[in-house]
Amino acid sequence: AQKITQTQPGMFVQEKEAVTLDCTYDTSDQSYGLFWYKQPSSGEMIFLIYQGSYDEQNATEGRYSLNFQKARKSANLVISASQLGDSAMYFCAMREAPYGGSQGNLIFGKGTKLSVKP
Amino acid sequence: DTGVSQDPRHKITKRGQNVTFRCDPISEHNRLYWYRQTLGQGPEFLTYFQNEAQLEKSRLLSDRFSAERPKGSFSTLEIQRTEQGDSAMYLCASSSEWTSAYNEQFFGPGTRLTVL
């Protein structure tokens, strides 16, 4: 079964508007971390934001915020005031923490392609 | 540039040939990861090093694949007897348990492999 599900293959947003990219996850671990990465056409994955499973507040980093709903197992990325440079693939990823360790590999979703229209 | 670097950026090879990729992590990072990304998919984990020790390998890493990190710095990923199904982007990432709050992974630009 897929551990990370991103149901939106592609999204369009008007410049300066906000957009929400969906992500649901599946894990039986109590301790885990959720990440969002941006991948421009150049190919390099860029870390955007992190949410720990025990964090009570939603994470924010500049124009990025993470809408974390633990009971629903969702971790949606909200980008405010979209810019043309935001056009890219966006990946949601989860790190399970076996035995309480923090070195675990990332499990990625299939991504959402965001296109920002001028 | 102090980011993760990978070499080569592109590799075209014929089926059956061996290829080797190199990854240089961020200098103070002790953890190094290899991922493979095929078209339309997210990256898939291949293997993980902490310092020079290879601590985790995915079942995706068949016997034809081998990875090393001999001195705990750069790493190499070798694919023997390449197959067309090996065509993908190979991504390297590094992280540090001491310098980053979230142990987030920093990725290199990738090596795109095409097997003809």
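Residues numbered from 1 in each chain as written. Chains lettered and ligands numbered in written order. Predicted model: local features only at pLDDT ≥ 70, side-chain atom pairs only at ≥ 80, totals over all residues. Heavy atoms only, no water.

J.: For the overall build of chain A, give the residues involved together with the corresponding values.
T.: For chain A, the helix and strand inventory stands at zero helices and twelve strands. On C-alpha atoms alone, chain A measures out to a radius of gyration of 14 Å, which is about the 13 Å that the 2.2 N^0.38 rule sets for 118 residues. Expressed along its principal axes, the backbone C-alpha trace of chain A runs to roughly 45 × 30 × 20 Å. Residue burial in chain A is summarised as follows: out of 118 residues, 46% are buried. Within chain A, contacts between residues at least 6 apart in sequence are counted, and of these 55% link residues at least 24 apart. Summed over its atoms, the accessible surface of chain A is roughly 5,800 Å², and 48% of this surface lies on carbon and sulfur atoms. Between the mean site of the 11 positive side-chain charges and the mean site of the 11 negative ones, chain A shows a separation of 5 Å. (Helix = DSSP H or I, 4+ residues; strand = E, 2+ residues; numbered from the N terminus. Rg over C-alpha atoms; globule rule 2.2 N^0.38 Å. Buried < 20%, exposed > 50% of the residue type's maximum accessible area, 1.4 Å probe, protein only. Contact = heavy atoms within 4.5 Å. Areas by Shrake-Rupley, 256 points an atom, 1.4 Å probe, with all protein chains shown as cover. Lys, Arg positive; Asp, Glu negative; His and termini not counted. Charge placed at Lys NZ, Arg CZ, Asp CG, Glu CD.)

J.: Please set out the state of the cysteines residue by residue, giving values where relevant.
T.: Formally, a disulfide is one covalent bond, and it connects the sulfur atom of one cysteine to the sulfur atom of another. All names here are of chain A. The tally for this structure, following the rule as stated, stands at two disulfides over all chains. Here Cys23 is linked by a disulfide to Cys92, with a sulfur-sulfur distance of 2.0 Å. With the S-S dihedral at roughly -65 degrees, the linkage between Cys23 and Cys92 falls on the left-handed side. Of this pair, Cys23 sits in the loop between β3 (19–21) and β4 (24–25) while Cys92 sits in strand β10 (residues 88–96); the two residues are 69 residues apart in sequence, bridging distant segments of the chain. In this pair, the class of Cys23 matches that of Cys92, namely buried. (Disulfide = S-S within 2.5 Å.)

J.: Please give an account of the packing of aromatic side chains that cites residues and values.
T.: The description of an aromatic ring pair uses the distance of the two centres, along with the angle that the planes make with each other. Counting across every chain of the model gives 17 aromatic pairs over all chains. A centroid spacing of 6.0 Å and a plane angle of 70 degrees characterise the contact between Tyr35 of chain B and Phe45 of chain B, whose relative ring orientation is edge-to-face. One end of the pair, Tyr35 of chain B, is in strand β4 (residues 31–37); the other, Phe45 of chain B, is in strand β5 (residues 44–50), and ten residues separate them in sequence. The class for Tyr35 of chain B is buried, based on a relative accessible area of 0%. By relative accessible area, which is 9% here, Phe45 of chain B ends up buried. Over the ring of Tyr64 of chain A we find Arg63 of chain A; its NZ or CZ atom is 5.7 Å from the centre of that ring. Here the guanidinium or amino end of Arg22 of chain B rests over the ring plane of Phe74 of chain B, the centre of that ring lying 3.9 Å away. (Phe/Tyr/Trp six-rings, centres within 6.5 Å; stacked < 30°, edge-to-face > 60°. Lys NZ or Arg CZ within 6 Å of the ring centre and 35° of its normal.)

J.: If you had to explain the environment of Thr7 of chain A to someone new, which residues and values would you point to?
T.: Counting through the fold element by element, Thr7 of chain A comes out in the loop between β1 (4–5) and β2 (10–14). Considered as a pair, Thr7 of chain A and Ala18 of chain A are eleven residues apart in the sequence and their alpha carbons are 18 Å apart.

J.: Got a sec to walk through the interface of chain B and chain A? Specific residues and values, please.
T.: Much of the literature gives interface size as the accessible area that the parts lose upon coming together. Each side of the interface is counted separately: chain B has 21 residues, and chain A has 20 residues. Interface area lost by chain B to chain A is led by Pro43, Tyr102 and Phe107 of chain B, which between them contribute 31%. Run the count over chain B and chain A and you get zero salt bridges. In this assembly, chain B and chain A are joined by four residue pairs in polar contact (both at pLDDT 80 or more). Residue assignment for the side of chain B that touches chain A shows that the elements contributing at least two residues are β4 and β5 of chain B. When grouped by side-chain class, the residues that make up the side of chain B that touches chain A number nine nonpolar, eight polar and four charged. (Buried area = accessible area lost by both parts, 1.4 Å probe. Salt bridge = Lys/Arg side-chain N within 4 Å of Asp/Glu carboxyl O. Polar contact = N/O pair within 3.5 Å; in protein donor to acceptor, adjacent residues only side chain to side chain. Nonpolar A, V, L, I, M, F, W, Y, C, P; charged D, E, K, R; others polar.)

Without other data, these values stay purely geometric and don't point to any function.
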